[in-house]
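Examination of the molecular architecture
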Amino acid sequence: SSPSSLRIAVIAGDGIGPEVIEQAIRAAEAAVQRYSPARLEWNRLPWSTAYYKKHGHMLPPDGWDLLREHDAILFGAVGDPSVPDRITVHELLLPMRRRFDQYVNLRPAYLFAGVPCPLVGKKPGEIDLLVFRENTEGEYAPVGGRLYPETPAEVAVQTALFTRRGCERIMRAAFEAARRRPRKKVTSITKSNALIWGMGLWDAVFEDVRRDYPDVQSHSLLVDAAAMDLVRKPETFDVIVASNLFGDILTDLSAAVTGSIGLASSANINPTREYPSMFEPVHGSAPDIAGRGIANPLAAILSAGLMLDHLGLSAAAEAIRQAVAAVLAEGKVRTPDLGGSHTTTDMGNAVVAALQG
Ligand code: NAI
Ligand code: MG
């Protein structure tokens, strides 16, 4: 590999994962070729449910070391009805976020022209928000236990884990991003009225951090009110910072109000760059439509765009966004989730053609 080449680990995974990732790679190649001089090396790793059935684990024992040698990871989705999520999702995806300290889960939501919005009267670009979801602790920390299994006395304890350091670093990342956006606004999602300890710390840290950003407008909002406002007036949000659970739920909502989960991209970023960051569509493996070639690849393509941006190829990243926006605005090629009857490949072809000009 030449010094100017970037090594990307590709875990396409299960279901529609491989279908959408193939189009994401094509789009990234086309964008880089024309807009940013770099060589991308795609290292395709077969880790998936099929791999698990053959080998008894989701990734080989040296898998994490192998992944570490890459500049980034492009991920499709894992999950298959034949194997519990506790194996597929919990042995590969969730540990990766913690192991590689990918504490920023960035999920943009943007209402593109040409995309039917389920909310009445919203204009293209009117919904334009970035969710910074905490990705390594909070409600998803694997802390807890089950006692007296399968007896009437059965007990489960699930502990949410909040640290000052964990809250502070995701909040700072959100404020830094808000500073670079025209509206410069941060909304912190809380529920400290009920979750007095964990969310109490979250709020206290938010009060400390916001003082360092007097140029950014900031406020706190209860998660239930936020769910309502994301439907009632999503245009009022700019940057949202939320815990692991609240961010997870609110980003399905923000994806829904901007048209389709098939458009929702995400980045799992390790800002210190000690470890590789990982880029994936928000959606899962969609077993209900897998193998039919009708999945919308735009979420995966936009995620590849976030990856190029992270790798410093910002011209290529912007070109991907523009190409996706152009294809959607033109509206000639649409997968079924957008009300059309085109295939995954048709959509990929349209984006590649737009990138080639
Ligand atoms: P899902 O996101 O796979 O599908 C939800 C619905 O959205 C389905 O009706 C599906 O057809 C549709 N959909 C999803 N992506 C689409 C696309 N690109 N184009 C068109 N339609 C699309 O969520 P679900 O069904 O709850 O989970 C399926 C499996 O995926 C489970 O095993 C779950 O654990 C796993 N999963 C994995 C994730 C990951 O790897 N990051 C994230 C979410 C779920
Ligand atoms: Mg989710």
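The rules behind these values
Residues numbered from 1 in each chain as written. Chains lettered and ligands numbered in written order. Predicted model: local features only at pLDDT ≥ 70, side-chain atom pairs only at ≥ 80, totals over all residues. Domains from an automatic or database assignment. Contact = placed C-beta atoms within 7 Å. UniProt positions renumbered as here; feature names shortened; annotations may be inferred. Helix = DSSP H or I, 4+ residues; strand = E, 2+ residues; numbered from the N terminus. Core = buried A, V, L, I, M, F, W, Y, C linked by C-beta atoms within 7 Å. Buried ≥ 20, exposed ≤ 12 C-beta atoms within 10 Å, placed from the backbone. Near = placed C-beta within 6 Å. Nonpolar A, V, L, I, M, F, W, Y, C, P; charged D, E, K, R; others polar. Axes fitted to C-alpha atoms, helices over the stretch in contact; angles between N-to-C directions. Parallel < 35°, antiparallel > 145°, perpendicular 65-115°, else oblique. Pairing = 2+ DSSP bridges. Expected span 1.5 Å × (residues − 1). Arc of directions from axis to C-beta.

**Focus on the domain arrangement of the protein**
Domain parsing of the protein yields domain 1 (1-104 + 265-357) and domain 2 (128-257). One C-alpha centre belongs to domain 1, the other to domain 2; they are set 25 Å apart. Every contact between the two is made by 9 residues of domain 1 and, on the other side, 9 residues of domain 2.

**Section: the UniProt feature "domain: Isopropylmalate dehydrogenase-like" (unreviewed entry) in the protein**
Under the local residue numbering, the UniProt record ascribes the feature "domain: Isopropylmalate dehydrogenase-like" (unreviewed entry) to residues 7-351. Secondary structure content for residues 7-351 is 40% helix and 20% strand, and the end C-alpha separation is 23 Å.

**Some details on the nonpolar core**
Formed by 105 residues in total, the largest nonpolar core has its most connected members in Leu74, Ala304, Leu308 and Ile320. In this structure, this core is formed jointly by two domains, domain 1 (1-104 + 265-357) and domain 2 (128-257), each of which donates at least three residues.

**Brief notes about the environment of Arg292**
With respect to the element layout, Arg292 can be found in the loop between strand E12 (277-281) and helix H9 (298-310). A tally of 13 C-beta atoms within 10 Å means that Arg292 is categorised as partly exposed. For the pair formed by Arg292 and Thr344, sequence separation is 52 residues and the distance between their alpha carbons is 9.1 Å.

**Section: the site of ligand 1**
Lining the immediate surroundings of ligand 1 are 22 residues, of which Gly79, Gly262, His283, Gly284 and Asn296 lie closest. Looking at the shell around ligand 1 element by element, the count peaks at 3 residues for helix H4 (residues 85-99). Residue classes in the shell around ligand 1 are distributed as 12 nonpolar, 6 polar and 4 charged.

**What to know about the packing of helix H7 (residues 223-232) against helix H8 (residues 244-257)**
Axis separation between H7 and H8 bottoms out at 10 Å; the angle between their running directions is 10°. When the interaxial angle is binned, H7 and H8 end up roughly parallel. Taking contact as the criterion, the partners of Val223, Ala226, Ala227, Leu230 and Val231 in H7 are, on H8, Phe246, Leu250, Leu253, Ser254 and Val257.

**Points about the pairing of strand E3 (residues 72-77)**
Counting buried positions along E3 gives 6 out of 6 residues, so the element sits mostly inside the fold. Sheet analysis places strand E1 (residues 5-13) next to E3, joined by 5 bridges and oriented parallel. Across the sheet, Ile11 pairs through a bridge with Phe75, a residue of E3. Across 3 bridges, E3 lies against E12 in parallel orientation. Its bridge partner being in E12, Ala72 is matched across the sheet by Ser277.

**Comments concerning helix H10 (residues 314-330)**
Taking 1.5 Å as the rise per residue, H10 with 17 residues should run 24 Å; its terminal C-alpha atoms sit 24 Å apart, in good agreement. All of the buried residues along H10 are Ala316, Ala317, Ala319, Ile320, Ala323, Val324, Val327 and Leu328. Considered in projection along H10, the buried side chains sweep an arc of 165° and stay on one side of the axis. Remark: Gly331 follows H10 within two positions and exhibits a positive phi of approximately 75°.

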